[in-house]
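Listed below, chain by chain, are the residues.
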Amino acid sequence: MLELRQATYRYAGYARPVVHEVDLRVDDGEIVGLVGANDSGKSTLCLVASGLAPASIGGELKGTLTLDRTPAAGLRTYQLAERVVIGFQNPNTQRSGIAATVFEEIALGPINLGLSVTETVARTREAIARLRLEPIVQQDPQRLSGGQSQLVAIASLLAMRPRHVILDEPTAQLDPAGTQLVGEALHALAAAGTSLLVAEHKTDLLEGLCDRVVALDAGRIVLDGPAGRVLGDPGLVALGVEPPSHVRLGRSAAAAGVDRARIDVALQ
Amino acid sequence: MTTEPRSFVFDLERRGLSPRFAFVAAATLEAVPAMVERAGVIASAQRARGLDTEGSVSARIRGVLPLVGPVIVSSLTEVEERSLALEVRAFGRPGRRQLLWRIPDSRGQLVVRVVMLLGLAAAIVSRLTGTFPSLP
């Protein structure tokens, strides 16, 4: 379980906080989606939930982050890494730059954890299988497509076998097949008890993936509830978030004067 | 070079070099091709907007100068995200790491190393004692 209480975070050198009084709890096995316009504080909230803000990048956090009842305050970055991982949007900056093959790249996290070679290999193979990367394990990680790089970056995180996973737009560079693959991998993680927080613009993905969705506006949580309810909320568009395609279709049809009951039947 | 730079660095770590230093050494070696590629991308982007990078040597140097800033700045802006991504993967954790790589070290290589060390010792001793003829 990952829990933020009254979290207000200000970057070093900023006059004002970027996230304000956020209360957010992600239970074991739960997938929580995070939506909001650009600049609404999604990425910052992800960093705060990962503990890296302030543990690595500095700044000031008021309120608390708790990871399985352990307060995150005071943990070193490598101690955080044993409990929570965060993936970023750009896979190119997440490559270690020292691995000659995709296998070595994914194995780096387990190696850093000081695990035995047998354990490192087992975890690496498991992460590779989850994202079906077997065909490219021997390739140079610098010579992959954007989508492949993104899958490798996610696999590199999964190989750490984290209890908590935070992903900031994990499917930005992925095609529909890759997006589905990530969705399946995240479902499997949640089924094994991992708590996940996923910031995404693709609301269609979130609807199928998440138990709960939280909407952020100007650094504050403005909507929080079951995925279907939040993503169907009439106020979502005003927050700069595009609702899932079936919601938009239903609204367009209704605006064109089509009977509501017939729309629902057609969408089913 | 007959030895891959990475193999060299990881073997040094196996022999006791700190993982942090090994990373810096390995990443520096790997950063060169990445930097060349980045420069290529920026050069293409600038050429697409009319930058002339062809012609005489002086014209080419003048053409390359506007690329230096963007290449360096774009490398630096990524540093923070890169370091975060490494920290997420427990980089900097104290203690030994179990590396996957075992650099083959044959008996023959070991013999050659020992012979070379003995030769070095013999050369120093003979030079100091004057038993080895000095070159004119």
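Residues numbered from 1 in each chain as written. Chains lettered and ligands numbered in written order. Predicted model: local features only at pLDDT ≥ 70, side-chain atom pairs only at ≥ 80, totals over all residues.

### With respect to the overall build of chain A
Stage number 1. Of regular secondary structure, chain A possesses eleven helices and ten strands.
Stage number 2. For 268 residues, the compact-globule estimate of 2.2 N^0.38 gives 18 Å, and the C-alpha radius of gyration of chain A, at 19 Å, lies within 12% of that figure.
Stage number 3. For the C-alpha atoms alone, the extent of chain A along its principal axes is close to 65 × 45 × 30 Å. (Helix = DSSP H or I, 4+ residues; strand = E, 2+ residues; numbered from the N terminus. Rg over C-alpha atoms; globule rule 2.2 N^0.38 Å.)

### A short note on the interface of chain A and chain B
Stage number 1. At the interface, 33 residues of chain A touch 27 residues of chain B.
Stage number 2. Elements supplying a minimum of two residues to the side of chain A that touches chain B: α3 (77-81), β6 (84-87), α4 (102-112), α5 (117-130) and α6 (146-158) of chain A.
Stage number 3. Among the elements that line the side of chain A that touches chain B, the one with the most residues is α4 of chain A, at six residues.
Stage number 4. Looking at the side of chain A that touches chain B residue by residue, the class counts come to 17 nonpolar, 14 polar and two charged. (Contact = placed C-beta atoms within 7 Å. Nonpolar A, V, L, I, M, F, W, Y, C, P; charged D, E, K, R; others polar.)

### Details of the nonpolar core
Stage number 1. Residues V48, A155 and V198 of chain A are the most contacted members of the largest nonpolar core, which totals 93 residues.
Stage number 2. When sequence neighbours within four positions are dropped, the list of residues in contact with V198 of chain A reads I31, G33, L34, L167, P170, L206, L209 and C210 of chain A. (Core = buried A, V, L, I, M, F, W, Y, C linked by C-beta atoms within 7 Å. Buried ≥ 20, exposed ≤ 12 C-beta atoms within 10 Å, placed from the backbone.)

### Description of the sheet that holds strand β1 (residues 2-10) of chain A
Residue and element names in this part refer to chain A.
Stage number 1. Taken together, four strands build an open sheet; the order of strands is β2-β1-β4-β5 and the sheet is antiparallel. The two strands at the open ends of the sheet, each matched to only one other strand, are β2 (19-26) and β5 (70-71).
Stage number 2. Examined bridge by bridge, strand β4 (residues 60-67) and β5 share two bridges and lie antiparallel to one another. Looking across to β5, one finds that T66 is bridged to P71. (Pairing = 2+ DSSP bridges.)

### Side note on helix α5 (residues 107-129) of chain B
Residue and element names in this part refer to chain B.
Stage number 1. When the terminal C-alpha atoms of α5 are compared, their 33 Å separation across 23 residues agrees well with the 33 Å that a helix rising 1.5 Å per residue should span.
Stage number 2. For α5, the tally of buried residues reaches only zero of 23 residues, placing the bulk of the element at the surface.
Stage number 3. Downstream of α5 by one or two residues, G130 has phi in the positive range, about 80 degrees. (Expected span 1.5 Å × (residues − 1).)

### A closer look at the domain arrangement of chain B
Stage number 1. Segmentation of chain B into domains returns domain 1 (5-97) and domain 2 (106-136).
Stage number 2. Here the C-alpha centre of domain 2 of chain B lies 40 Å away from the C-alpha centre of domain 1 of chain B. (Domains from an automatic or database assignment.)

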